[in-house]
Amino acid sequence: MRGVIEQSVVERCEDVDKEKKKRRRPRRSKQNTSASATCSSANEMPSEASECLENGGINYDPTSMSCSASKQCGSETNPLDNQGLHKASDVAFTSLPTLHLNEQALNTEVESSNNQHIFPSDPSRRMFSKSCPVPIDYQRSIQSVTNQNIPSPYQEEGCALRRCFTPHWSIEAVNEALEKGNVFRASFRVNAHNRIEAYCTIEGVKTDILIGGVASQNRAVEGDIVAVKVDPISLWSKMKGSTGFSNNAGLTEDRNLLPDVTFVGDSWKGKNKVDVGFDFDHERNHFLFHEKGSPYEDNASSRENVSREPMGHYRVNGHHPPVSGPSHFSNMDSLEEICAAIDSFPSKRPTGSVVAIIEKSLRRVAVVGFLGIRQWLSSCGLQIKGAKMNRHYLSPSDGEYIQLTPTDPKLPKMVVPVRGLPNCIKKRLDYGDASMEMELVAAQIIDWGEESSLPFAQVMHIFGRGGEIEPRIAAILFENAILPSEFSPESLSCLPPVPWKVPQEEIERRRDLRNLCIFTIDPSTATDLDDALSVEKLSDGNYRVGVHIADASYFVLPDGFLDSEAHSRSTSVYLLQRKLPMLPPLLSENLGSLIPGVDRLAFSIFWDINVAGDVVDRWIGRTVINSCCKLSYEDAQGIIDGMFDLEDSKILENDCPRLHGHFKLPDVIRSVKDLHAISKTLRTNRFTNGALLLDGVEVILLFDENGIPYDISFSVQKDSNYLVEEFMLLANRTAAEVISKAFPDNALLRRHPEPNLRKLREFEAFCSKHGLELDTSSSGQFHHSLEQIRGKLKNDTVLFNILLSYASRPMQLATYFCTGDLKENKNGWSHYALAVPLYTHFTSPLRRYPDIIVHRILAAAIEAEELYMKQGAKMRKVKNGEEMRCFTGIHFDKNAAESVEGRKALSVAASKHQLPCTEVLVNVAAYCNERKLASRHAKDGCERLYMWVLLKKKEILLSEARVLGLGPRFMSIYIHKLAIERRIYYDEVEGLTAEWLDATSTLVVNLSINKSSYWRGNQGKYRRLEDVAWVIPPCLKQEADAFEGTVDKWGATSVRRDNVASMGPSCTSESGVSDATNEIEPSFFPLTVRTLSTIPVVLHAVGGDDGPLDIGVRLYMSSYCG
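Conventions used here
- Residues numbered from 1 in each chain as written.
- Predicted model: local features only at pLDDT ≥ 70, side-chain atom pairs only at ≥ 80, totals over all residues.
- Heavy atoms only, no water.
- Helix = DSSP H or I, 4+ residues; strand = E, 2+ residues; numbered from the N terminus.
- Areas by Shrake-Rupley, 256 points an atom, 1.4 Å probe, with all protein chains shown as cover.
- Buried < 20%, exposed > 50% of the residue type's maximum accessible area, 1.4 Å probe, protein only.
- Pairing = 2+ DSSP bridges.
- Core = buried A, V, L, I, M, F, W, Y, C linked by side-chain atoms within 4.5 Å.
- Contact = heavy atoms within 4.5 Å.
- Axes fitted to C-alpha atoms, helices over the stretch in contact; angles between N-to-C directions.
- pLDDT = per-residue confidence, 0-100.
- Expected span 1.5 Å × (residues − 1).
- Salt bridge = Lys/Arg side-chain N within 4 Å of Asp/Glu carboxyl O.
- Parallel < 35°, antiparallel > 145°, perpendicular 65-115°, else oblique.
- Left-handed = near helix turned anticlockwise from the far one by under 90°.
- Nonpolar A, V, L, I, M, F, W, Y, C, P; charged D, E, K, R; others polar.
- Phe/Tyr/Trp six-rings, centres within 6.5 Å; stacked < 30°, edge-to-face > 60°.
- Lys NZ or Arg CZ within 6 Å of the ring centre and 35° of its normal.

K.L.:
Teacher, can you tell me more about the overall build of the protein chain here?
P.N.:
From N to C terminus, the protein chain includes 27 helices and 40 strands. In the structure as shown, the protein chain presents an accessible area of about 44700 Å², 49% of it carried by carbon and sulfur atoms.

K.L.:
Before we go on, may I ask you to explain the pairing of strand E3 (residues 184-190) in this structure?
P.N.:
The side chains of a regular strand alternate between the sheet's two faces. Counting buried residues along E3, five of its seven residues qualify, which places the element largely inside the surrounding structure. Relative to strand E4 (residues 197-201), E3 runs antiparallel, the two sharing four bridges. Note that in E4 the partner of Arg189 across the bridge is Tyr199. If you look at the hairpin formed by E3 and E4, you'll find six residues sitting between the two strands.

K.L.:
Would you mind showing me how to read the nonpolar core here?
P.N.:
One recurring pattern in soluble globular proteins is that nonpolar side chains are buried together. By size, the foremost hydrophobic cluster in this structure holds 107 residues, and its most contacted members are Phe519, Ile521, Leu723, Phe727, Phe743 and Phe842. Looking at this core, the element that brings in the most residues is helix H23 (residues 849-869), giving 13 residues. Ignoring sequence-local partners within four residues, the contact set of Leu723 consists of Ile521, Leu533, Ile640, Val672, Leu675, His676 and Ser679. Of all hydrophobic cores here, the second largest spans 80 residues; its members include Leu575, Phe703, Val798 and Val989.

K.L.:
Looking at this structure, I do not really get the sheet that holds E3. What am I missing?
P.N.:
Within a sheet, adjacent strands bond to each other through the backbone by hydrogen bonds, running parallel or antiparallel. Strand order in the open sheet formed by five strands is E5-E4-E3-E6-E9, with antiparallel pairing between adjacent strands. The outermost strands of the open sheet, each flanked by one partner alone, are strand E5 (209-212) and strand E9 (352-359). With direction set aside, neighbouring strand axes in the sheet form an average angle of 40°. Seen against the sheet, helix H6 (residues 171-180) touches E3, strand E6 (225-230) and E9 and runs at an angle of roughly 115° to E9.

K.L.:
Sorry, what's going on with the environment of Val535 here?
P.N.:
On the secondary structure map, Val535 appears in strand E17 (residues 531-537). We classify Val535 as buried; its relative accessible area is 10%.

K.L.:
Honestly, unusual backbone geometry in this entry has me stumped. Any pointers?
P.N.:
The bulk of non-glycine residues show a negative phi, and the bulk of peptide bonds are trans. For the peptide bond that leads from Val498 to Pro499, omega is 0°, which places it in the cis range. Structurally, Pro499 is set in the loop between helix H13 (489-492) and helix H14 (504-508). For the peptide bond that leads from Phe1085 to Pro1086, omega is -5°, which places it in the cis range. Mapped onto the elements, Pro1086 comes out in the loop between strand E37 (1083-1084) and strand E38 (1087-1089).

K.L.:
Which parts of the structure should I look at to understand helix H10 (residues 373-380)?
P.N.:
The periodicity of an α-helix, 3.6 residues per turn, causes residues three or four positions apart to be oriented the same way. For H10, a buried count of seven out of eight residues is recorded, marking the element as mostly surrounded by other parts of the structure. Buried within H10 we find Ile373, Arg374, Gln375, Trp376, Leu377, Ser379 and Cys380.

K.L.:
What's the story with the confidence of the model for the protein chain in this structure? I'm lost.
P.N.:
Should the pLDDT be low somewhere, the predicted coordinates at that spot are not to be read in detail. With 68% of its residues at a pLDDT of 70 or more, the protein chain shows a mean pLDDT of 75. With pLDDT under 50 throughout, residues 1042-1059 is counted as low confidence; its partners more than four residues away or in other chains account for 46 contacts. A low-confidence stretch, residues 1062-1077 stays under pLDDT 50, and its non-local contacts, those more than four residues away or across chains, total 45 contacts.

K.L.:
Looking at this structure, how should I read helix H21 (residues 779-792)?
P.N.:
The first and last C-alpha atoms of H21 sit 20 Å apart over 14 residues, in line with the 20 Å expected at 1.5 Å per residue. For H21, the full list of buried residues reads Ser779, Gly780, Phe782, His783, Ser785, Leu786 and Ile789. Where H21 is buried, its residues meet helix H18 (665-688), helix H20 (757-769) and helix H22 (797-807).

K.L.:
Explain the sheet that holds strand E34 (residues 1002-1007) to me, please; I cannot follow it from the model alone.
P.N.:
The three strands lie next to each other as E33-E34-E38, forming an open sheet whose pairing is antiparallel. In the strand order of this sheet, the two ends are held by strand E33 (992-997) and E38, each with one partner. Pairs of neighbouring strands in the sheet enclose a mean axial angle of 15°, with direction left out of account. When E33 meets E34, the two strands line up antiparallel, connected through six bridges. Residue Glu995 lies in a different strand from E34, and its bridge partner there is Val1004.

K.L.:
Sorry if this is basic, but what is going on with the pairing of strand E10 (residues 367-371) here?
P.N.:
A large share of E10 lies buried, amounting to five of its five residues. Two strands pair when backbone bridges link them, and E10 and strand E13 (residues 439-447) are joined in this way by three bridges, in the antiparallel orientation. The residue of E13 that forms the bridge with Gly369 is Val441. In this sheet, strand E11 (residues 401-406) lies alongside E10 in antiparallel orientation, the contact comprising three bridges. Within E11, the position partnered with Phe370 by the bridge is Thr405.

K.L.:
Looking at this model, I keep getting lost on the pattern of salt bridges. Mind explaining?
P.N.:
Once the charged atoms of two side chains with opposite charge are near each other, the side chains can pair. Per the counting criterion, the structure on display carries 49 salt bridges. The closest approach of N and O atoms between Arg428 and Asp433, which form a salt bridge, is 3.1 Å. Salt-bridge contacts for Glu506 lead to Arg509; the nearest nitrogen and oxygen are separated by 2.6 Å.

K.L.:
Would you mind going over the side chain of His1100 with me for this structure?
P.N.:
Within the secondary structure, His1100 sits in strand E39 (residues 1094-1104). Sequence-distant contacts of His1100, that is, excluding residues within four places in its chain, are made with Glu955, Asp1110, Ile1111, Gly1112, Val1113 and Arg1114.

K.L.:
Any chance you could explain the packing of H20 against H22 here in plain terms?
P.N.:
Axes are the key here: two packed helices are described by the angle between their axes and the distance separating the axes. At a closest axis distance of 10 Å, the pairing of H20 and H22 adopts a crossing angle of 160°. Considering the angle they form, H20 stands roughly antiparallel to H22. Note that H20 runs across H22; the crossing there is right-handed. Each of Phe763, Phe766 and Cys767 in H20 lies in contact with H22, whose residues at this interface are Leu803, Tyr806 and Ala807. Residues of the contact of H20 with H22, tallied by class, amount to six nonpolar, no polar and no charged.

K.L.:
Mind showing me how you'd approach the packing of aromatic side chains here?
P.N.:
Here the distance between the centres and the angle between the planes together describe a pair of aromatic rings. Applying the stated criterion across every chain yields a total of 15 aromatic pairs. For the pair Phe887 and Phe892, a centre-to-centre distance of 5.9 Å together with 35° between the ring planes defines the contact as tilted. Since its relative accessible area comes to 1%, Phe887 is described here as buried. What links up through ring pairs into an aromatic cluster is the set Trp500, Tyr554 and Phe555. Above the plane of the ring of Tyr722 lies Arg683, whose end atom (NZ or CZ) is 3.7 Å from the centre. In this structure, Arg750 is placed above the aromatic ring of Tyr816, and the distance from its NZ or CZ to the ring centre is 4.5 Å.

K.L.:
What's the story with the environment of Ser564 in this structure? I'm lost.
P.N.:
Considering the arrangement of structural elements, one finds Ser564 in helix H15 (residues 561-569). Expressed as a C-alpha distance, the spacing of Ser564 and Ser491, which sit 73 residues apart in the sequence, is 8.3 Å.

In structure tokens, the structure reads:
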């Protein structure tokens, strides 16, 4: 393979030499005139520039790495169809073509560091590399490059100046246009499968705005907040059919697959080389995540709403092809006009262009990628390490640039000055060390001027080899701006010395619950125990249920060093084999953790609940507890299942959890059973009231003692999980109700908007097409319909899990918000999936910073209530011998809160507990949202990494897959065993034909008789048959069958010496893991496939040292010998 690669580089060098000779020939004056043309706007670009941009940018020669003064921009563009649009098949396998430097390059200016995004936690406005604690001086890092007089990669002597992008609007112009409604603030998201497609979400508009083409994107990067100008409706594109469920492969949505990228240079030649950065965000998280609360809240709704929209929308010469539309929608200058136009023309997709970047994404300063080392060495004339070389080529006077290919397909390729590289890299280049190409590097975008088609980047440091686990994890943390360093001495000094016990004066200020039977239920490996439960049966037949949450706010004081660090981290990050805690382990695993047998501080909520599951009374306050027992979920499930009997005296001590204090095992068993009975009633009531649950099996990886994955299993939620979940949800709802009423402008809540209507309708259409009735008129009806489908598909759990995955895709992201920021839109406070008007996070303060904020607000409400009640006996209300609580009780006393005494009490309490004002809380909510999402991305990235490691170890894995979408170009499949989606492309494959029967929505794939007929035009666009299908002759299959393989825990069989494992779903246990060996049989050509049919596939690990990580998939086929 390397020989082929090097030969390819030599051939390209020869082509470049020929091209240089052509460039010496005189050109016509007409060509020179066109070459000097400039553009005044993105929508007025000359056709040459537009085509150049659609092709992926400037003409950067990969072999010479030098500028040509005569080559015309746009002279090497992809062919256009009759309408001027790129064909979908022309774009399917390429995100960007070979990079060429444009000789009409422009002088570039390094943008001021003031325009760069500053980390909110850094008051000194320095830029930080989150993979290490060393601060990066952004301005100095730019100067370190620019002060060396390095020639621009976009400038060549004698080149005519030419703009590739329109200038961004000024801040003043943007603000004025925003006020007038001429432009809109929006989040910018790139289609990972096709980078020249991007989408902008405008709040209040139910359909995303398509930003088609590099020119219209105008240098925006994934995650930027941009100002978008919406096109008139006459320029809107046609809305494609259902994404993800269409029988047209060109429209099949791909949530978990990266584009088939054609990379520049000799490192990546195959079209199936894809990136580790693909998203699982919109699909259910199929890996076990030990977090309490609603599974939907954490696993389904908390997904980034990243659209993978249909391909095929492009601009011609900066414009969309004209389509008819009414004149009264000629200008889109208000939200009302846009929404009205969308409602009037549902078949049209709104389009627009970026006119300014309001806030720059953190992704700009957290780029991970590979350097094109071999390409650069070849272009410089350097030989590979070990051979004699000419060191002249590293002369500082040369304008040398090297290409950087990010691992994230949403980011553009970049150019890096060799002089600006770290010394350790330059030394390796000096010795011609081509192995440097296997190293992952950290970089940041430092400039992207309007004259440059590609951004200008600076490499900061090396992570290590791309095929190793630790460098990959370091890169994942860097990409998500997660700090893995230790806690600062200043933050640790905020904690009391150990050994520590609760001070007596603190016990006297709290309700003493140390004689109450309280216990925790957590995963067996959990160390940060932040919630506990208790239950008592009252004389009136009701039950008093208590939830006791670790009082982290007692240790984390506002504006202290520990508070600042907790806010900076915002959340604990779980990476399967390690945890990056939000709080120091001394606090999260010791002083604050509800360890059994020791006194601990807590925030407690008690409810009096009747047999119908109604809360008839409640109490909230700070307490001191002493947990008697730490139960695992397995322990609690055993009690629920009757494995521990109250009357059974034969229970062995080793079979039950360790008890502390004077409580006995029957006390714990009785409490667990009572809590289980109450939780079932609460759960039934919750779904009766309209809650929605998208809860399927979870894929978990099993690790050996060395931390290497060796197996996969499935996990399902059981009654013990639901028991804890119901009371945590009730506690969060109660806290939200109290703080939002006591401090209506300063409460931190969590909301979940209604799902994307268009995607919901597509899901309905898919279900209807396959005979499944679905009602999505409300969250409750949605849940009821899914439960009916579950019963209908009880013999096809794979299909139902696929449906659950697709059902989560229309769901929008659940986010934190400040009530004062949405004071005029209280309808927007609600949580769609939970079907409740108010919700927040209160139950996990040891690992979520918003919970600490909520604890402080709740403490202020309690103190304000106490202050108000002290005003005099005449103001006190008594019920059943107890004072009624005006702010925290089951009935909120609005008159008391609005009285002079009540307002004063609330103000004094807010000041004492240093509650943040509305403006500050808005920023806190936004930052916590960003950090929670980054944590999720990091966790998902590590899961994909370890899945790749597992397949790398297995080498080849045989499995069955379900066909989700079919079309002329590719099929989309779902591999249940790994809970992932992939695509198999079969068009433009040497020796393979694919016939699409549109009338029957059937695909027929067969071997081609005349292979030579497929080699038309550019041979590089065709792939080998072995890249698409693993074809085994029957004779070899018979030999493999005769071989006695070994069975591993997969129910997998090693059938060949090259370590081939097979998996079949036909015999599964309750958890979904195969119990017996089920060898996967290959299919035969011709292969006839329909939607939802099952096919055999071959899985293997792709990438590592030679490129981004991915899981490759091929058809598993058999043919006749000879």
